[in-house]
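Below are the chains, spelled out letter by letter.
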Amino acid sequence: MVVANLLLSASVTLLIPTLPQWLLYEDGLSAEETGETMGAFALGLFLLGGLCSFLVQRYRRNMVCVWAIAFLALTVVLPVYWHPVPFGYVVLLRLLQGAAFGLASQVFSSTLIIDTCESFQRTEANHSVTWFGRFALSIGPMAGLLLYGLGGYRVVAFVSLGCMAVAVLLILLVHFPFRVPADQLHVWSLDRFFLPQGWPLFVNLLLITVAAGMLLSLPLDAHFYALLMIGFLLALLAQRFVFRDAELKSEVVSGLLLMASAQLIMIFSPQSPLLSPLLGLGLGIVGARFLLFFIKLSHHCQRGTAQSTFLLAWESGLALGLGLGYGLFDGRHDALKHWSVLLVIVAWALYNFCLHNWFVKHKNR
């Protein structure tokens, strides 16, 4: 299941550096139109979330995920055969892409992973699956850039399709026990979609991921993403050895300071080899800790909802950041970097002076 999640996430992150290039240089869109297209993915993530609980109780849970992935594959491959795609339609495709990925990921994280584990293993399972999805933020763009250089968007699209096909196969190989549906099914609900009591943390994490997404809109090479993986691996080691018995606040504060350091290096010494590892280290530490914060805020039977809320903040922030980077900062890379580091500083101040004490008072686990 963790490999399936890695492949599903990679099938979308392959498009982070490659789809904008295709839109700008082959489809003929302007920078503003490209930004709107990339940002539409963020809105799409929320479109079907309210139906998630109804769908997984009304139909087979794994098949809901499989059909969502199949529709996602269609939205990725369709532009290969429909070129050039008019601006309105390409925004619609990206919106539907976000809706399909959002539904598949929410069903995967809020239901399938939880149902395959004993209750005492579920936090570890959530943690492991999310980390593999985070690795895709390095592996996907790195592979996408290499593939785009070989054969353009067509090759990227079909490799993405292959990743989704293997993910579907892996999901179908896992047995999911039968669950009796609830007596009263509501077609739309926040269950498995959004955790209302976690909205302050949602806003805080959104600021952080928007800042990261803005940086990913810069013209980066495969080497940058390879070094980003080193930072993610260092974050795993730091969680195990550095922050194991540390004060609760220290993890997020340290992660944000590391991210800000990487952004300042990007401003003053953009060729430094420390840039990507520091960014990956900080982003990895912050992401892992915020996931646990959402889980600890949840009440009984809300673990899946907490996981989905974290996913929405993470993915929508990255997509919004990409949209802002292309749409508002075309050719103004220095301004983008300054705004990005400002967002991280605001997120640090918000967490350090307000949200940490709020979390301690409101956590349930």
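In this text the structure is predicted, and so the values were computed from the model without any measurement. (Residues numbered from 1 in each chain as written. Predicted model: local features only at pLDDT ≥ 70, side-chain atom pairs only at ≥ 80, totals over all residues. Heavy atoms only, no water.)

Caption draft 1: Spatial organisation of the overall build of the chain. Counting secondary structure elements, the chain contains 13 helices and zero strands. The order of helices and strands in the chain, counted from the N terminus, is α-α-α-α-α-α-α-α-α-α-α-α-α. Over its C-alpha trace the chain gives a radius of gyration of 19 Å, about what one expects of a compact globule, namely 21 Å for 365 residues. By principal-axis analysis of the C-alpha atoms, the chain measures approximately 55 × 50 × 30 Å. (Helix = DSSP H or I, 4+ residues; strand = E, 2+ residues; numbered from the N terminus. Rg over C-alpha atoms; globule rule 2.2 N^0.38 Å.)

Caption draft 2: Spatial organisation of the confidence of the model for the chain. Confidence in the prediction of the chain, expressed as mean pLDDT, is 93, and 99% of residues score 70 or more. The least confident element of the chain, judged by mean pLDDT, is helix H4 (residues 52–58) at 90; the most confident is helix H8 (residues 199–216) at 97. (pLDDT = per-residue confidence, 0-100.)

Caption draft 3: Empty space enclosed by the protein, seen in detail. Enumeration according to the criterion identifies three cavities of 30 Å³ or more in this entry. Estimates place the volume of the largest cavity at around 190 Å³. Residue lining of the largest cavity: 14 residues in total, with Asn5, Thr130, Gly133, Leu311 and Glu315 positioned closest to the centre. Every element with two or more residues in the lining of the largest cavity is listed here: helix H1 (2–13), helix H6 (87–115), helix H7 (122–173) and helix H12 (303–328). Ranked by residues supplied to the lining of the largest cavity, first place goes to H12 with five residues. Looking at the lining of the largest cavity, its residues break down into five nonpolar, seven polar and two charged. (1 Å grid on protein atoms, 1.4 Å probe; cavity = no way out; pocket = protein on both sides within 12 Å on 5 of 7 lines; lining within 4 Å. Points joined across faces, edges and corners; volume = space filled by probe spheres on them. Nonpolar A, V, L, I, M, F, W, Y, C, P; charged D, E, K, R; others polar.)

Caption draft 4: Focus on the packing of helix H3 (residues 31–44) against H12. Closest axis-to-axis distance for the H3/H12 pair is 7 Å, and the angle between their directions is 175 degrees. Comparing the axis directions of H3 and H12 gives the class roughly antiparallel. Of the residues in H12, those in contact with Ala31, Glu32, Thr34, Gly35, Met38, Gly39, Phe41 and Ala42 of H3 are Ser316, Ala319, Leu320, Leu322, Gly323, Tyr326 and Gly327. Of the residues belonging to the contact of H3 with H12, the class tally is eight nonpolar, six polar and one charged. (Axes fitted to C-alpha atoms, helices over the stretch in contact; angles between N-to-C directions. Parallel < 35°, antiparallel > 145°, perpendicular 65-115°, else oblique. Contact = heavy atoms within 4.5 Å.)

Caption draft 5: Main features of the packing of aromatic side chains. Summed over the entire model, instances satisfying the criterion amount to 18 aromatic pairs. Stacked on the ring of Trp314, the Lys or Arg Arg134 has its end atom at 5.1 Å from the ring centre. For Arg240, the ring lying beneath its charged end belongs to Phe241, and the centroid distance is 5.2 Å. (Phe/Tyr/Trp six-rings, centres within 6.5 Å; stacked < 30°, edge-to-face > 60°. Lys NZ or Arg CZ within 6 Å of the ring centre and 35° of its normal.)

Caption draft 6: The arrangement of the environment of Gly28 in detail. In this structure, Gly28 sits in the loop between helix H2 (15–25) and H3. When the C-alpha atoms of Gly28 and Val85 are compared, they prove to be 9.3 Å apart, with 57 residues separating the residues in sequence.

Caption draft 7: Quick look at the side chain of Thr209. Within the secondary structure layout, Thr209 lies in helix H8. Looking at Thr209, the relative accessible area reads 1%, which means it is buried. Of note is the side chain of Thr209, whose polar atom sits 3.2 Å from the backbone oxygen of Leu206. If sequence neighbours within four positions are ignored, Thr209 has contacts with Ala313, Trp314, Gly317 and Leu318. (Buried < 20%, exposed > 50% of the residue type's maximum accessible area, 1.4 Å probe, protein only. Polar contact = N/O pair within 3.5 Å; in protein donor to acceptor, adjacent residues only side chain to side chain.)

Caption draft 8: Unusual backbone geometry, seen in detail. The phi dihedral of Arg192 falls on the positive side, at around 65 degrees, and the residue is not glycine. Structurally, Arg192 is set in the loop between H7 and H8.

Caption draft 9: View of the nonpolar core. Core analysis: the largest hydrophobic core is formed by 122 residues, its most contacted members being Tyr153, Ile171, Leu216 and Phe290. Considering every element that reaches this core, the biggest residue donor is H7, with 17 residues. Residues in contact with Ile171, not counting those within four places in the same chain, are Ala4, Asn62, Cys65, Val66, Ile69, Phe108, Leu112 and Phe176. (Core = buried A, V, L, I, M, F, W, Y, C linked by side-chain atoms within 4.5 Å.)

Caption draft 10: How the structure looks around the side chain of Asn352. Positionally, Asn352 belongs in helix H13 (residues 333–362). Once residues lying within four places of it in the same chain are set aside, the contact partners of Asn352 are Lys249 and Val253.

Caption draft 11: A look at a nonpolar patch on the surface. Residues Phe71, Leu74, Leu78, Trp82, Tyr89 and Leu92 make up a contiguous nonpolar surface patch of roughly 540 Å² in combined accessible area. Elements with a contribution of two residues or more to the nonpolar patch: helix H5 (61–81) and H6. Here the nonpolar patch gets three residues from one element, more than from any other, and that element is H5. Here Leu74 lies in helix H5. On the basis of relative accessibility, which here comes to 49%, the residue Leu74 falls in the partly exposed class. (Patch = residues over 30% accessible without salt bridge, like charges linked within 9 Å, V, L, I, M, F, W, Y side chains within 5 Å. Areas by Shrake-Rupley, 256 points an atom, 1.4 Å probe, with all protein chains shown as cover. Salt bridge = Lys/Arg side-chain N within 4 Å of Asp/Glu carboxyl O.)

Caption draft 12: Inspection of the layout of surface pockets at higher detail. Reported here for the largest pocket is a volume of approximately 780 Å³. As for the largest pocket, its lining consists of 30 residues, and the residues nearest its centre are Arg61, Thr111, Asp115, Arg179 and Arg192. Of all the secondary structure elements, the ones that give two or more residues to the lining of the largest pocket are H4, H5, H6 and H12. Classifying every residue of the lining of the largest pocket by side-chain character gives 11 nonpolar, nine polar and 10 charged.

Caption draft 13: Helix H9 (residues 222–242), seen in detail. The first and last C-alpha atoms of H9 sit 29 Å apart over 21 residues, in line with the 30 Å expected at 1.5 Å per residue. Regarding H9, the residues found buried are Ala222, Phe224, Tyr225, Leu227, Leu228, Met229, Gly231, Phe232, Ala235, Ala238 and Gln239. On its buried face, H9 is in contact with H2, H7, H8, helix H10 (248–268) and helix H11 (275–297). (Expected span 1.5 Å × (residues − 1).)

Caption draft 14: Up close: the pattern of salt bridges. Within this structure, the stated rule accounts for three salt bridges. Residues Arg61 and Asp115 are paired through a salt bridge, measuring 2.2 Å at the closest nitrogen-oxygen approach. Of the two residues, Arg61 is situated in helix H5 and Asp115 in helix H6; the sequence distance between them amounts to 54 residues. Pair check on accessibility: Arg61 and Asp115 agree, each one buried. In this structure, Asp191 and Arg192 form a salt bridge, with 3.6 Å as the shortest nitrogen-oxygen distance.

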